[in-house]
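# Structure at a glance
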Amino acid sequence: MLREIATRFTRVIAERRVAPRKKVSVAVRVRLAPLNTAVGHAKEAEKLILSGSTIDISTCGVGMILPSIRINENYLVGQDRLLIVEMDIHDRTVIMKVVGRRYEEVGEHLSVKRFLVGAEIAEMTPTDRVAYEYFLNNARKLTKKMGDVLELGRLD
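Within any chain, residue numbers begin from 1 and follow the written order of that chain's sequence. With the structure being a predicted model, the display of local features is reserved for residues of pLDDT at least 70 and the display and counting of side-chain atom pairs for 80 or more, all residues being used for whole-chain, interface and lining totals. The basis for every side-chain value is the complete set of non-hydrogen atoms in the structure, without hydrogens or water.

### A few points about the sheet that holds strand β7 (residues 92-106)
Worth spelling out the cut-off: Two strands are counted as paired when DSSP detects at least two bridges linking them. By the criteria applied, helices consist of DSSP H or I runs no shorter than four residues and strands consist of E runs no shorter than two, each listed in order from the N terminus. Under this scheme, a helix contributes an axis fitted over its contacting stretch, all axes are lines through C-alpha atoms, and angles between N-to-C directions fall in the 0 to 180 degree range. Contacts are assigned to residue pairs with any non-hydrogen atoms lying within 4.5 Å of each other.
Ordered in space as β1-β2-β3-β8-β7-β6, the six strands form a closed barrel in which the pairing is antiparallel. Strand after strand, the sheet turns through a mean of 45° between neighbouring axes, direction not considered. Relative to β7, strand β6 (residues 82-89) runs antiparallel, the two sharing eight bridges. Bridging from a neighbouring strand, I89 pairs with R92 of β7. Packed on one face of the sheet, helix α3 (residues 126-137) meets β2 (50-57), β3 (61-66), β6, β7 and β8 (114-124) and runs near 65° to β7.

Here is the structure:
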């Protein structure tokens with residue numbers, strides 16, 4: 001009896017520690033953050049971009065569906081490698097630095113192989129943070145409005 005109560009209690013605490021996630025699908029572009037901050041020293045791998053979409057977002061992390069788990073020989077997850085993610089939300093592009101924490105292969109066949117990449121947000125400018133959190137809190141309304149505009153055939 002006591003063990004069951006303790007198990008329930010720890011489960012409730014664990015669920016509250018994780019930031020609530022919103023199921024939102026928006027376009028993302030992922031590239032490697034430069035290791036050397038000197039001007040003009042960007043490697044070829046740092047210039048390459050993976051395009052994908054989000055599967056869920058939260059205040060502290062992003063879940064993305066990407067076509068590959070690496071860019072050239074550099075893996076997106078592991079070694080605390082910083083990634084730069086450009087996310088198209090509502091009426092602007094938000095840029096954030098993230099650290100890939102986990103990945104999982106999704107898709108049933110080689111031709112549709114995709115990877116679910118979970119990333120922790122490490123850094124964002126204050127204006128991007130405000131826009132991101134506004135989108136996070138109002139995602140359902142904003143994505144519905146975007147769908148209505150596209151449905152009418154208006155492209156800006």
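### With respect to the pairing of strand β1 (residues 27-32)
What counts, and what does not: Each residue is assigned to one of three classes by its accessible area relative to the maximum for its type, calculated with a 1.4 Å probe on protein chains only: buried under 20%, partly exposed between the two thresholds, exposed over 50%.
Taking every second residue as pointing to the same face, the buried face of β1 carries V28, V30 and L32, while none of A27, R29 and R31 on the other face is buried. Across four bridges, β1 lies against β2 in antiparallel orientation. Its bridge partner lying in β2, R29 is registered against S51. Bridge analysis of β1 against β6 gives five bridges, and the strand direction is antiparallel. Each bridged residue has a counterpart across the sheet, and for V30 the counterpart in β6 is V85.

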